[in-house]
Amino acid sequence: MSAIFRLMRNKRLFILMIGLILFIALMGFTFGRNRLTWPEKFVNDAFGTVQGVFYRPVGAVADFFRDLGRLSDVYKENEQLRQTVAQYTQDQIRFNLLEAENKRLQEELNFTERQKNMDNYRYLIAQVVGSTSNPYERTITINLGSKDGIKPEMAVRTVDGLVGLVSKVKNFTSTVTLISNLDPSSSKGSPVSATFLSKPDSFGIIEYDEETKTLLMSKIEEKDKPVDGDTVITSGLGSLFPKGIIIGTVKSSQVGDFGLTYTATIEPAAKFDHLREVFVIVVPEVDEP
Amino acid sequence: MNMRINWAILLGLAFVIAENAIVPWLIPPGWSDRLLPHLTFILTIFVAGYAGRHPAFLFGLGFGLLQDMLAYGHLIGPYGFGMGLIGYLAGLLSEYKSYTISLFSWAVLVFGLLLDSIVYSIYNLFRLTDLQFAHVFYWQVAPTALLQLLIALLLYVPVRRYLVKASLSPGEDNPE
């Protein structure tokens, strides 16, 4: 009789073990997978669409109240913007001259049509329709999917700077993994290479430091010592990733792991919470032979 | 048993949408990675108290997996596993002790801490996070559990009024 009791008591433990094994199998199976099955796509699209109905109006109201609180800063901000615009008009003249010259040189050097169009990125504007409550999967959902030409690994930015990469694409929605979740040590995911605005030849890899909640740019060569306050942009090395997107500014720098490289701490330019609109950057098709 | 389980499921779906679409806007900017309340988890504790362990297990499992699927970046399953297990445990607890408001508050708090700890250990197991548990506990787990307790207490009266069948609940809830 006592044996039966023990069996009965152990049944729960037994089921728990089976459940644990099943779940570990499920997690292992879904770990680092890129394609989605149609039920997943359907559930995600359905919830994404409904979430969009709520996320955007609530965001508008929340932003309105936040703006009310910031009303006093507007004057100062306006002054700053006026200065920037003046500078931009100056730069525009220079830029037009340089662009014309660049085009002429490309013609002379017989660039192919594909090479000429390599930097003509297309920006798709997307509305954010939700963000998740899972602390280890910092993702947002946007209302563009494979029907709009979205593909995995595309870069996503706001007006301020880079926010993340498209990770999972559904029919009408897709999931964007925020840059604060990029993990270069895991085998999955391509690293984002970066460069300093003042030193276009420099190179570094962007990673996120969970402990201090800042971005790190590592593996910077010794001759490119980071300067505090310098702007960091994507370098576009690795072809699939667009270049020239602002990532942030250098906050501090220190000598890297083996004393041969530098590591810079970067203050991200974009905010990762309370996002409403983002741009997905479409790089022109590269048809490699 | 004496809960309107269909309405609970409907409310759960509404909570999933609210959790992803509305709650992020209510959290102040600096706290967005610290306060991540799981509304369906709170509902699971309610279901465990008023409908028993098996419905709570299925409820937690289903909504956990749904949440995992919507947040899918690395893997599916941590919340499905955690919420299924916690639904069952909370159901067991409610069968041994009468479900008063103080026991309910403790359940939300302790199981909330347990849920996020389980999820942390799964992500740590798969080497997806290299944070120390003490840091995560202070940074995210404890504030989230406290916020969940607050939300649960706000929901307590409406849930009892609308989701628990009134004719049965007073007599059956306190047999002691």
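This is a predicted model, so every value here is computed, not measured.

What about the packing of helix α2 (residues 38-69) of chain A against helix α1 (residues 5-21) of chain B?
Angle between the axes and distance between the axes are the two parameters that describe a pair of packed helices.
Then comes step 1: At a minimum axis distance of 9 Å, the contact between α2(A) and α1(B) shows a crossing angle of 50°. When the interaxial angle is binned, α2(A) and α1(B) end up oblique. Crossing handedness for the pair α2(A) and α1(B): right-handed. Residues A:F47, A:V50, A:Q51, A:F54, A:Y55 and A:V58 of α2(A) pack against B:V16, B:I17, B:N20 and B:A21 of α1(B).
Then comes step 2: By residue class, the composition of the contact of α2(A) with α1(B) is 8 nonpolar, 2 polar and no charged.

Points about the packing of helix α6 (residues 101-125) of chain B against helix α7 (residues 133-162) of chain B
All names here are of chain B.
Then comes step 1: Running from amino to carboxyl end, α6 crosses α7 at an angle of 145°, the nearest separation of the two axes being 9 Å. Remark: the crossing between α6 and α7 carries right-handed chirality. For the pair α6 and α7, contact is made by I101, S105, V108, L109, G112, L113, D116, S117 and Y120 and by F133, V136, Q140, V141, T144, A145, Q148, L149, A152, L153 and Y156, respectively.
Then comes step 2: Along the lines of polarity and charge, the residues of the contact of α6 with α7 split into 13 nonpolar, 6 polar and 1 charged.

Considering the interface of chain B and chain A
Then comes step 1: Each partner contributes residues to the interface: chain B has 35 residues there, and chain A has 35 residues.
Then comes step 2: Only α1, α2 (23-26), α4 (53-70), α5 (78-96), α6 and α7 of chain B provide two or more residues apiece to the side of chain B that touches chain A.
Then comes step 3: In terms of residues, the side of chain B that touches chain A owes the most to one element, α1(B), which gives 5 residues.
Then comes step 4: Grouping the constituent residues of the side of chain B that touches chain A by class yields 22 nonpolar, 10 polar and 3 charged.

A word on the sheet that holds strand β10 (residues 246-255) of chain A
Residue and element names in this part refer to chain A.
Then comes step 1: Around the barrel, which closes on itself, the 6 strands sit in the order β6-β7-β8-β11-β10-β9 with antiparallel pairing between neighbours. Across the sheet, the axes of successive neighbouring strands diverge by a mean angle of 45°, strand direction being ignored.
Then comes step 2: Two strands pair when backbone bridges link them, and strand β9 (residues 231-234) and β10 are joined in this way by 3 bridges, in the antiparallel orientation. Bridged to T231 within β10 is T249.

Cut-offs applied
- Residues numbered from 1 in each chain as written.
- Chains lettered and ligands numbered in written order.
- Predicted model: local features only at pLDDT ≥ 70, side-chain atom pairs only at ≥ 80, totals over all residues.
- Axes fitted to C-alpha atoms, helices over the stretch in contact; angles between N-to-C directions.
- Helix = DSSP H or I, 4+ residues; strand = E, 2+ residues; numbered from the N terminus.
- Parallel < 35°, antiparallel > 145°, perpendicular 65-115°, else oblique.
- Left-handed = near helix turned anticlockwise from the far one by under 90°.
- Contact = placed C-beta atoms within 7 Å.
- Nonpolar A, V, L, I, M, F, W, Y, C, P; charged D, E, K, R; others polar.
- Pairing = 2+ DSSP bridges.

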